[in-house]
Amino acid sequence: MNGFQSFAMVDWSGGNDTGPRPRKDAIWIAVVRAGRADSPRYLRNRAQAEEVLRDLITEERAAGRRLLIGFDFPFGYPVGFAQAVTGKKDPLALWAWLADRVEDAPKANNRFDLAGQINAQFSGNGPFWGNALARDIANLPRTKGDYQNPFPDRRACEKAARGTFTCWQLAGAGSVGGQVLMGLPVLARLRRSFEGAVSVWPFEPPDRDVAFVEIWPSLLNDQVRRMPGIRDAAQVHLMARALANLAPTDLAQMLAQHAPEEGWIFGLGHEATLQNAAADLRPPPLTNDCFALPGGVDWTPVDDALARLRDRLRPVVGVEATPLGGASGRVLAEDLVAVRSNPPLPNTAVDGYGFAGALVEGPHRLPLIEGRAAAGLKFNGTVPPGHAIRVLTGAALPDGVDTVILEEDVTLGLGEIAFLGPVKVGANTRAAGEDIVAGQVALPRGRTVAPADLALASAVGVGELQVFRPLRVAVLSTGDELLEAGAEAQPGQIFDANRPMLLEIVRRWAFEPVDMGRVADDRTALRKRLDRAATCADVILTSGGASAGDEDHVSALLRETGSLQSWRIALKPGRPLALGMWQGVPVFGLPGNPVAALVCALVFGRPALSLMAGAGWAEPTGFDIPAAFAKRKKAGRREYLRARVRDGRAEVFKSEGSGRISGLSWAEGLVEITDAQQDIAPGDLVRFIPFGSFGI
Ligand code: AMP
Ligand code: MG
């Protein structure tokens, strides 16, 4: 099983069609497909809902996405009921039994009559009760007066979930009994018409294309209450978002519930995890055309390709709060506004003596008052004019003091000090807010928090920062020839060099590396691995298989999705580069050659990933220095050479071979030769970009 890519949540209704105008107590459905949420839809009756669901299942299966559908009514009855009615313990037998008997037209249905018929098999006074019709129905008590129920009143999960209604109650506000009777036949029909493709949880393992689960939106009540609009619409919207956001391991844990007869409410017992997932507000995924390059160009210049990326990409990660201590390397999702001024009060910058006003040239003697002002210890009295007080660095200036003289500049006598003027007003003091004033933006949104920023945030009174969730970057190597480092190699095999390098680059960029291992040149295996990567990462970096050859499966699979952009960039080293979207997640198909993989990661990957992480476009800083080498190249192509600086000149590696990995280690940065440059002689200025400027 490789997770679900689409989620649909349905708020069901047991009642009749009440017209085309969206209202509560009708059917609402919210869908999140491959990370993209549609607005909740109002469905006026069950027939329409059945049709919409059938279409949705068909579409999602055709798109190769696994679909999880939640319905807000019980999938099973309390223990013993299915057996008593159908002769089988299997709740799905009861589904079929009901489907054969329930009659449902948009304006009328037989739920109360059917309940009466079932009751007749027992005492005639239960298990069902409640009648919303004007006419009486034989064997269906309107109230619980003489009620007799041979079965438990509630399922085990209903005992665990506070506020649930029993499925025996057919009328009255909040009752769910009618929804079950009218809902299960619809689900039974859907399941039958997609024979073998739908599993009903928890009665069947959720390992097919589609899974039905029972949900109870009240698990998200606190959040639903804060949403505007119709409650039922908000409930399904939030529930769909929560399920779509769940980490695969959390989803798997919630699905690992054993309740073979009665069924279970999805997420019950995991409320906090579910609520966190609902609160995780992520931007919608990028569109399929976000890597399209200008048409009609044979070889796209590097700068044009970069401009496109910069224009089309945007942050793809949600936001969370983090305590100051854990914020280094994280990206601010909001401007950091000073809560308090720095410094908060006027204070002394030195150890010395404080007094008021300017003092002219010549000798002065000031009597000292009792006491002193020190950091963290405000002096509470007032210093009278013509007097001085002992002050220590960082102390708030006492009332009556605006000027400080250094202790080295005075002679201390008995109860007085002597010194020479002039002394300017305000000397040796710091004004309140001279660094930052409360309310001012101390650090802008998009800033990657540096160690000094922790000092600043703390100084201005901020202990918790709003940051983007770390960009999760999956790294995957492709190729039949690849082996794990240190393994026993057969002839024809080589070790995977790109993956350890790319994982470490991602880590240095302060993103979250997700190691997706190696995949052979096998389309099915690669498809599965990409599916898995798309559920646990925000971006996928692959290397190898990105050309247009028979064994270039990365490009082939991206082509199948219709999103492949094969980049022909006027760049050396660089070709080929395949970009596209997989299940809503952008894929950067880097070249297999390690040198080209690194250069493309630095030149295209770094700014693009930085933008997607919320940190804005990251452009490396280079500087112009004389070349220690000579080179000729074609005009119209950008080249990056492995380089280092010695004696103030840029040296380049002895070979430009793109498989020469040792040159990457030899180098301390890259020399960037512009598209226009053709002839470089020793001493000509060339642009050197240290690896540090690329963030590695
Ligand atoms: P490809 O783009 O798959 O045709 O690969 C181009 C070249 O890069 C071939 O010589 C591959 O063997 C080599 N290559 C691909 N992936 C890696 C890797 N992860 N580590 C080292 N070399 C690789
Ligand atoms: Mg290959």
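What comes next concerns the included structure. Keep in mind the model is a prediction, meaning the values are calculated, not measured.

Thresholds applied
- Residues numbered from 1 in each chain as written.
- Chains lettered and ligands numbered in written order.
- Predicted model: local features only at pLDDT ≥ 70, side-chain atom pairs only at ≥ 80, totals over all residues.
- Heavy atoms only, no water.
- 1 Å grid on protein atoms, 1.4 Å probe; cavity = no way out; pocket = protein on both sides within 12 Å on 5 of 7 lines; lining within 4 Å.
- Points joined across faces, edges and corners; volume = space filled by probe spheres on them.
- Helix = DSSP H or I, 4+ residues; strand = E, 2+ residues; numbered from the N terminus.
- Nonpolar A, V, L, I, M, F, W, Y, C, P; charged D, E, K, R; others polar.
- Domains from an automatic or database assignment.
- Pairing = 2+ DSSP bridges.
- Near = heavy atom within 4 Å.
- Polar contact = N/O pair within 3.5 Å; in protein donor to acceptor, adjacent residues only side chain to side chain.
- Areas by Shrake-Rupley, 256 points an atom, 1.4 Å probe, with all protein chains shown as cover.

Quick notes on the layout of surface pockets
Empty space among the atoms becomes visible once a probe the size of a water molecule is rolled across them.
Step number 1: By volume, the largest pocket is sized at about 1200 Å³.
Step number 2: Ala-244, Asn-245, Arg-282, Arg-472 and Asp-538 are, among the 49 residues lining the largest pocket, the residues nearest its centre.
Step number 3: Only β3 (36-37), α8 (231-245), α9 (248-255), α10 (271-279), α14 (523-536) and β30 (585-590) provide two or more residues apiece to the lining of the largest pocket.
Step number 4: When residues of the lining of the largest pocket are assigned to their parent elements, the largest contribution, five residues, is made by α8.
Step number 5: When the residues that make up the lining of the largest pocket are grouped by side-chain class, the tally is 27 nonpolar, twelve polar and ten charged.
Step number 6: Asp-25, Asp-72, Gly-174, Ser-175 and Gln-179 are the residues nearest the centre of the second largest pocket, which is lined by 41 residues in total.
Step number 7: Three or more residues apiece are contributed to the lining of the second largest pocket by two domains, here domain 1 (6-73 + 196-278) and domain 2 (103-192).

Looking at the sheet that holds strand β17 (residues 411-412)
Think of a sheet as strands paired side by side through backbone hydrogen bonds, with each pair either parallel or antiparallel.
Step number 1: In spatial order, the strands read β16-β13-β15-β14-β18-β17; together these six strands make up an open sheet with mixed pairing. In this open sheet, the two edge strands, each paired with only one partner strand, are β16 (403-406) and β17.
Step number 2: Note that strand β13 (residues 352-355) and strand β15 (residues 388-391) share three bridges and pair antiparallel. Following the sheet pairing, Tyr-353 is matched in β15 by Arg-390.

Concerning the site of ligand 1
Step number 1: Taken together, the neighbourhood of ligand 1 is formed by 14 residues, with Glu-481, Asp-496, Ala-497, Gly-545 and Gly-592 sitting nearest.
Step number 2: Between ligand 1 and Glu-481, the relevant distance is 2.5 Å, taken from an oxygen atom to a side-chain nitrogen or oxygen of the residue.
Step number 3: Measuring from a nitrogen atom of ligand 1, one finds a backbone N or O atom of Gly-592 at 3.2 Å.
Step number 4: Across the complex, the protein chains shield 74% of the 480 Å² of accessible surface that ligand 1 would expose by itself.
Step number 5: A per-class count over the shell around ligand 1 returns five nonpolar, seven polar and two charged.

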